[in-house]
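# Secondary and tertiary structure notes
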Amino acid sequence: MSMPSTANLNLNIVALCRKGCLKEALHILLTTHNPTVNPSTYLQLLQTCISKKALSEGKRIHSHISERVFESLSHKLLQDTLIRMYYHCGNLVHAREMFDQMIERDVLSWNAIIAAYRRHGCPHESLALFHQMQATGVQPDQFTFSSILQACAKIRDLKHGICIHQSIIEAGFLSDYVVANALVDMYAKCGSIQKARDMFDKMPHRDVFSWTAMVSGYAQSGVPDEALRLFEEMPQRNVVTWNALIAGYVQNGFVEKALETFKQMKLMHVEPDTTTFVSVLPACAKIGALEQGRDIHQNIIERGFPLDVAVASALVDMYAKCGSIHKARELFDKMPQRDVVSWTTMIAGYAQNGYCKDALKLFEQMKHSGTHPNYVTFTCILLACSHAGLVDEGCKHFNGMSDSYYIMPTSDHYVCMVDLLGRAGYVEETLNFIIKMPIKPVAVVWTCLLGACRSHKNIELGVFIASLLFEMNPKNAAPYVLLGNMYAEIGDWGEVQMVRRLMKDRGIKKIPGCSWIQGPKMVHAFCVGDRLHPQTREIIAKLEELSWEIKAAGYSPDSRTVLNDLEEEEKELLLCHHSEKMAIAFGLLNTTPGTTIRVVKNLRICVDCHTATKFISKVVAREIVVRDANRFHHFKNGQCSCRDYW
Ligand code: ZN
Ligand code: ZN
């Protein structure tokens with residue numbers, strides 16, 4: 001057999017790569033005895049691995065490369081590409097190891113690793129690397145700045161963003177339009193809308209990207225009408241700007257507006273693209289609009305859109321957040337490619353729905369597949385452990401984050417750990433854990449501990465933490481409510497009155513409880529005690545009827561959580577009109593027997609509603625799914641999936 005000439009060998013490999021036949025190309029490479037392969041051929045091979053997210057092939061090419069010697073420029077280029085290959089395949093630790101082994105690192109190598117962390121959902125690490133880069137004396141370029149501004153935008157870190165703005169001015173990159181766009185976007189996302197507008201007005205050239213950043217900035221900033229006006233002014237409106245408007249609304253919680261905009265867009269015959277679907281699906285997820293979500297899914301299929309990683313992940317998220325966890329898994333299993341976001345979405349779905357063992361099992365599979373977790377994945381895993389009361393397992397993963405994956409725990413992870421330890425009753429240990437935290441504990445950390453003090457009746461510590469929280473953020477209602485409920489539970493009505501008076505004097509208002517339920521044509525919203533719904537009369541009658549039925553089945557109202565000393569009967573009435581109960585009654589009135597009722601609530605479900613819903617699920621023989629601010633509750637035949645641990 002004749003040996004292929006070097007030129008032919010390289011040509012063959014490149015041709016196969018261009019046709020997407022990676023396995024065949026690799027076969028030639030590995031079976032040719034002592035081949036002479038050009039650096040550009042290796043680059044083509046790695047590029048193909050990137051587009052196919054083919055990690056195991058990428059690793060074999062890496063070992064092939066490392067057995068050879070290249071002149072320094074090619075060597076450097078190959079190393080940068082290997083870093084990119086690893087992170088595109090979700091393997092961040094390998095990318096980092098490559099980076100750490102590099103003897104010479106220029107701005108390109110730093111850009112590669114900074115972007116790797118940002119895209120992998122680890123913006124904090126990107127920022128840390130950026131500071132390291134500056135410390136080593138390598139000058140950032142426009143791509144470094146744009147990347148790092150995106151990292152700031154992602155975590156809404158305005159302070160950092162302003163510092164970087166200053167560095168940009170000093171380095172003379174302000175006129176670069178990539179950088180200017182990233183600045184507008186950063187200011188808009190961090191809520192500094194005026195500053196974003198200033199930057200935008202000063203830009204010599206505006207393209208659709210800058211307009212988009214501005215529109216979505218306004219949509220997120222709580223001035224959605226301004227967004228609509230800055231939208232109408234646009235010289236060019238296209239699918240990109242519609243998408244920005246929708247995404248902006250969703251991110252700031254204007255969910256109904258987002259769904260409305262999506263409808264309008266269709267009415268105006270603007271063809272949606274995959275980004276549209278990725279932007280609008282979270283709106284359905286947020287309010288549990290399963291019907292709309294299914295419609296959109298149908299839409300995607302009818303239009304023949306490929307289920308790429310982003311769209312499929314958004315669908316998995318929507319189904320999971322609407323409580324259809326099995327449908328979510330079905331879709332997840334069908335995905336031809338998965339990235340860190342898709343794995344994390346599915347794990348989050350399991351964790352929120354209370355399938356904690358499944359979440360942990362999938363986490364092991366994810367690691368086994370070669371995709372590395374990011375900080376969101378760890379948040380979900382700690383959440384799963386917390387929901388299931390798995391203290392040891394939680395601690396193991398918490399320590400594993402930094403030890404095995406170089407991810408430094410952030411406030412989110414500390415909150416989860418405090419929740420995990422506190423719920424399990426380790427109140428004193430939790431306090432010690434907080435004291436030893438290397439970062440300053442945010443208010444939520446203390447609020448979590450206060451919650452634990454309440455459930456484990458540690459009044460003394462509870463009072464101390466509440467006073468701490470009052471100082472940190474005097475306008476936050478949560479510690480007042482927790483403290484008040486704590487006193488109410490031990491029947492100390494004098495103290496309850498004190499807390500109420502404090503709240504009144506300081507002008508603090510509780511966030512009203514709201515619940516959403518999917519009706520036959522639209523989503524219906526209910527707020528505590530509201531009488532605005534056209535079916536209010538029937539709903540109240542239904543609630544009364546249910547109240548008799550569940551009392552006969554053994555339910556007694558638990559009015560400890562009502563923050564005042566009304567007569568028992570009045571308290572009962574107040575409880576009866578909690579938004580989730582109204583939504584459930586609405587559901588029972590408007591759906592056929594046997595249909596599952598799905599409700600979404602903005603706050604945590606209260607003890608009484610939880611108990612009542614268990615009884616209701618039994619007396620009406622319905623499955624009722626309630627998603628509260630913290631997790632899912634699947635009520636069936638008098639039981640809840642959370643086993644009363646929430
Ligand atoms: Zn309630
Ligand atoms: Zn429950």
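Residues numbered from 1 in each chain as written. Chains lettered and ligands numbered in written order. Predicted model: local features only at pLDDT ≥ 70, side-chain atom pairs only at ≥ 80, totals over all residues. Heavy atoms only, no water.

The secondary structure content of the chain amounts to 34 helices and six strands. Since a compact globule built from 646 residues should have a radius of gyration of about 26 Å, the 28 Å found for the chain is in line with a globular shape. Along the three orthogonal principal directions, the C-alpha set of the chain runs to about 95 × 55 × 50 Å. In the chain, which comprises 646 residues, the proportion classed as buried is 52%. Considering only intrachain contacts with a sequence separation of at least 6, the fraction spanning at least 24 residues in the chain is 64%. Surface summary for the chain: the accessible area is close to 29,900 Å², and the carbon and sulfur share equals 54%. (Helix = DSSP H or I, 4+ residues; strand = E, 2+ residues; numbered from the N terminus. Rg over C-alpha atoms; globule rule 2.2 N^0.38 Å. Buried < 20%, exposed > 50% of the residue type's maximum accessible area, 1.4 Å probe, protein only. Contact = heavy atoms within 4.5 Å. Areas by Shrake-Rupley, 256 points an atom, 1.4 Å probe, with all protein chains shown as cover.)

Protein ligation of the zinc ion (ligand 2) involves H610 (NE2), H633 (ND1), C640 (SG) and C642 (SG), the donor distances falling in the range 2.0 to 2.3 Å. Coordination geometry of the zinc ion (ligand 2): the four donor atoms subtend angles of 103 to 117 degrees at the metal centre, consistent with an arrangement described as tetrahedral. Between the donor residues of the zinc ion (ligand 2), the gaps in sequence give the motif H-x22-H-x6-C-x1-C. Of this pair, H610 sits in helix 34 (residues 607-619) while C642 sits in the segment after strand 6 (639-640), and the two are 32 residues apart along the sequence. Side by side, H610 and C642 carry an identical accessibility label, which is buried. (Donors = N, O, S within 2.8 Å, 3.2 Å for Na, K, Ca; no water. Tetrahedral: all angles 85-135°; square planar, octahedral: opposite > 155°, others 65-115°.)

The subject of this paragraph is the pattern of salt bridges. Scanning the entire structure with this criterion turns up 20 salt bridges. With a closest N to O distance of 3.0 Å, R329 and D333 form a salt bridge. Note that R329 and D333 are positioned in helix 20 (residues 325-334) at a spacing of four residues, about one turn of the helix. The class for R329 is partly exposed, based on a relative accessible area of 22%. The exposure class of D333 is partly exposed, given its relative accessible area of 43%. Through salt bridges with shared partners, a single ionic network connects K76, D80 and D106. (Salt bridge = Lys/Arg side-chain N within 4 Å of Asp/Glu carboxyl O.)

Bringing the domain arrangement of the chain into the picture now. Looking at the chain, the domain boundaries give domain 1 (6-104), domain 2 (434-510) and domain 3 (514-640). Averaged C-alpha coordinates put domain 2 and domain 3 at centres separated by 27 Å. (Domains from an automatic or database assignment.)

Counting buried positions over the five residues of strand 3 (residues 597-601) gives four, a clear majority of the element. Here strand 1 (residues 514-518) pairs with strand 3 via three bridges, running antiparallel. Directly across from I517, in strand 3, lies its bridge partner V599. Strand direction decides the pairing type here: strand 3 and strand 4 (residues 624-627), joined by four bridges, are parallel. If you follow R598 over to strand 4, its bridge partner there is V625. Handedness of the β-α-β unit built from strand 3, helix 34 and strand 4 comes out right-handed. (Pairing = 2+ DSSP bridges. Right-handed = clockwise from strand over helix to strand, strands pointing away.)

Turning our eyes to something else, we now look at helix 12 (residues 193-202). Residues separated by three or four positions in an α-helix point in the same direction, a consequence of the helix having 3.6 residues per turn. Burial in helix 12 covers these residues: I193, A196, R197, M199 and F200. Down the axis of helix 12, the sector holding all buried residues measures 165 degrees, keeping them to one side. Residues of helix 12 that are exposed and point more than 90 degrees away from the buried face comprise Q194 and K202. (Arc of directions from axis to C-beta.)

So, about the packing of aromatic side chains. How two aromatic rings sit relative to each other is set out by the distance from centre to centre and by the angle between their planes. One pass over the structure, following the stated rule, counts 16 aromatic pairs. Relative to F145, the ring of F130 lies with its centre 6.3 Å away and its plane at 65 degrees, an arrangement referred to as edge-to-face. Of this pair, F130 sits in helix 8 (residues 123-135) while F145 sits in helix 9 (residues 142-154), and the two are 15 residues apart along the sequence. Neither residue differs from the other here; F130 and F145 are each classed as buried. Ring plane angle 65 degrees and centroid distance 5.9 Å describe the contact between Y555 and F615, whose orientation is recorded as edge-to-face. (Phe/Tyr/Trp six-rings, centres within 6.5 Å; stacked < 30°, edge-to-face > 60°.)

Attention now goes to the coordination of the zinc ion (ligand 1). Surrounding the zinc ion (ligand 1) are the protein donor atoms H578 (ND1), C606 (SG) and C609 (SG), which sit 1.9 to 2.3 Å from the metal. Mapped onto the polypeptide sequence, the residues donating to the zinc ion (ligand 1) form the spacing pattern H-x27-C-x2-C. Using a relative accessible area of 13% as the deciding quantity, one classes C606 as buried. On the basis of relative accessible area, C609 is assigned to the buried category, the value being 0%.

With that settled, the discussion passes to the state of the cysteines. Taken as a whole and judged by the stated rule, the model has one disulfide. A disulfide bridge connects C514 with C527, and the sulfur atoms are separated by 2.2 Å. With the S-S dihedral at roughly 65 degrees, the linkage between C514 and C527 falls on the right-handed side. Here the residue C514 occupies a position in strand 1, and C527 occupies one in strand 2 (residues 523-527), the gap between them amounting to 13 residues. Here C395 is not disulfide-linked; the sulfur of C385 is the nearest cysteine sulfur, at 8.8 Å. By relative accessible area, C395 is classed as partly exposed at 26%. (Disulfide = S-S within 2.5 Å.)

On to unusual backbone geometry, then. Phi is positive for R156, which is not a glycine, with a value near 55 degrees. Tracing the backbone through its elements, the reader meets R156 in the loop between helix 9 and helix 10 (158-171). Looking at R156, the relative accessible area reads 40%, which means it is partly exposed. Its identity as a non-glycine residue notwithstanding, A621 has a phi of 50 degrees, on the positive side.

Direction vectors running N to C along helix 19 (residues 309-321) and helix 20 enclose 165 degrees, while the axes themselves pass 7 Å from each other. When the axes of helix 19 and helix 20 are compared, the pair comes out roughly antiparallel. For helix 19 against helix 20, the interelement crossing comes out left-handed. For the pair helix 19 and helix 20, contact is made by L315, V316, Y319 and A320 and by I325, K327, A328, L331 and F332, respectively. Residues of the contact of helix 19 with helix 20, tallied by class, amount to eight nonpolar, no polar and one charged. (Axes fitted to C-alpha atoms, helices over the stretch in contact; angles between N-to-C directions. Parallel < 35°, antiparallel > 145°, perpendicular 65-115°, else oblique. Left-handed = near helix turned anticlockwise from the far one by under 90°. Nonpolar A, V, L, I, M, F, W, Y, C, P; charged D, E, K, R; others polar.)

Once that is clear, we can look at the environment of C453. Within the secondary structure layout, C453 lies in helix 27 (residues 443-455). Every residue in contact with C453, bar those within four places of it in the chain, is listed here: V427, N458, L461, G462, I465 and M486.

Once that is clear, we can look at the environment of A128. Looking at the secondary structure, you find A128 in helix 8. With relative accessibility at 42%, the residue A128 sits in the partly exposed group. Here the alpha-carbon distance between A128 and I114, two residues 14 residues apart in the chain, equals 9.0 Å.

Their axes nearest at 9 Å, the elements helix 15 (residues 239-251) and helix 17 (residues 274-287) cross at an angle of 20 degrees. As far as their axial angle goes, helix 17 and helix 15 are roughly parallel. Regarding helix 15 and helix 17, the two cross each other, and that crossing is left-handed. Each of V239, N243, I246, A247, V250 and Q251 in helix 15 lies in contact with helix 17, whose residues at this interface are T275, T276, S279, V280, P282, A283 and K286. Looking at the contact of helix 15 with helix 17 residue by residue, the classes come out as seven nonpolar, five polar and one charged.

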